[in-house]
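Observations on chain architecture
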Amino acid sequence: MEYQSTQIEEHWRNYWEQHHTYAVANKSDKPKYYVLDMFPYPSGSGLHVRHPCQDI
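Now for a quick tour of the structure. (Residues numbered from 1 in each chain as written. Predicted model: local features only at pLDDT ≥ 70, side-chain atom pairs only at ≥ 80, totals over all residues. Heavy atoms only, no water.)

1. Section: the packing of aromatic side chains
- The tally for this structure, following the rule as stated, stands at 3 aromatic pairs.
- With 6.4 Å between their ring centres and 35° between their planes, Trp-12 and Trp-16 make a pair best called tilted. A residue pair is termed a helical-turn pair when its members lie 3 or 4 positions apart in one helix, as Trp-12 and Trp-16 do in helix α1 (residues 5-18) at 4 residues.
- The exposure class assigned to Trp-16 is partly exposed, which follows from its relative accessible area of 31%.
- Ring-pair connections join several aromatic residues into one group, and the members of that group are Trp-12, Tyr-15, Trp-16 and Tyr-22. (Phe/Tyr/Trp six-rings, centres within 6.5 Å; stacked < 30°, edge-to-face > 60°. Helix = DSSP H or I, 4+ residues; strand = E, 2+ residues; numbered from the N terminus. Buried < 20%, exposed > 50% of the residue type's maximum accessible area, 1.4 Å probe, protein only.)

So this is what it looks like as structure tokens:
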């Protein structure tokens, strides 16, 4: 049995479109803003993120 990626992709795209899976309401009275998040250099030099569960 061969994996039919094109047919599977088409099926799910149609399903998502019909069921409005990714629809969002873009209405808000709040002022607009944007957030800049600074990522480390790709080398990861000096990167330390601690253990994720440490603050729980």
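2. Digging into the pattern of salt bridges
- All chains considered together, the criterion is met by 1 salt bridge.
- Note that Glu-9 and Arg-13 form a salt bridge whose closest N and O atoms lie 2.6 Å from each other. Placement of the pair is Glu-9 and Arg-13 together in helix α1, with a separation of 4 residues, close to one helical turn.
- When its relative accessible area of 53% is taken as the criterion, Arg-13 is described as exposed. (Salt bridge = Lys/Arg side-chain N within 4 Å of Asp/Glu carboxyl O.)

3. With respect to unusual backbone geometry
- The residue His-20 is not glycine, and still its phi comes out positive at about 50°.
- Locating His-20 in the fold gives a position in the segment after α1.

4. Examining α1
- Here α1 spans 20 Å end to end across 14 residues, near enough to the 20 Å set by a 1.5 Å rise per residue.
- Positive backbone phi, approximately 50°, marks His-20, located one or two places after α1. (Expected span 1.5 Å × (residues − 1).)

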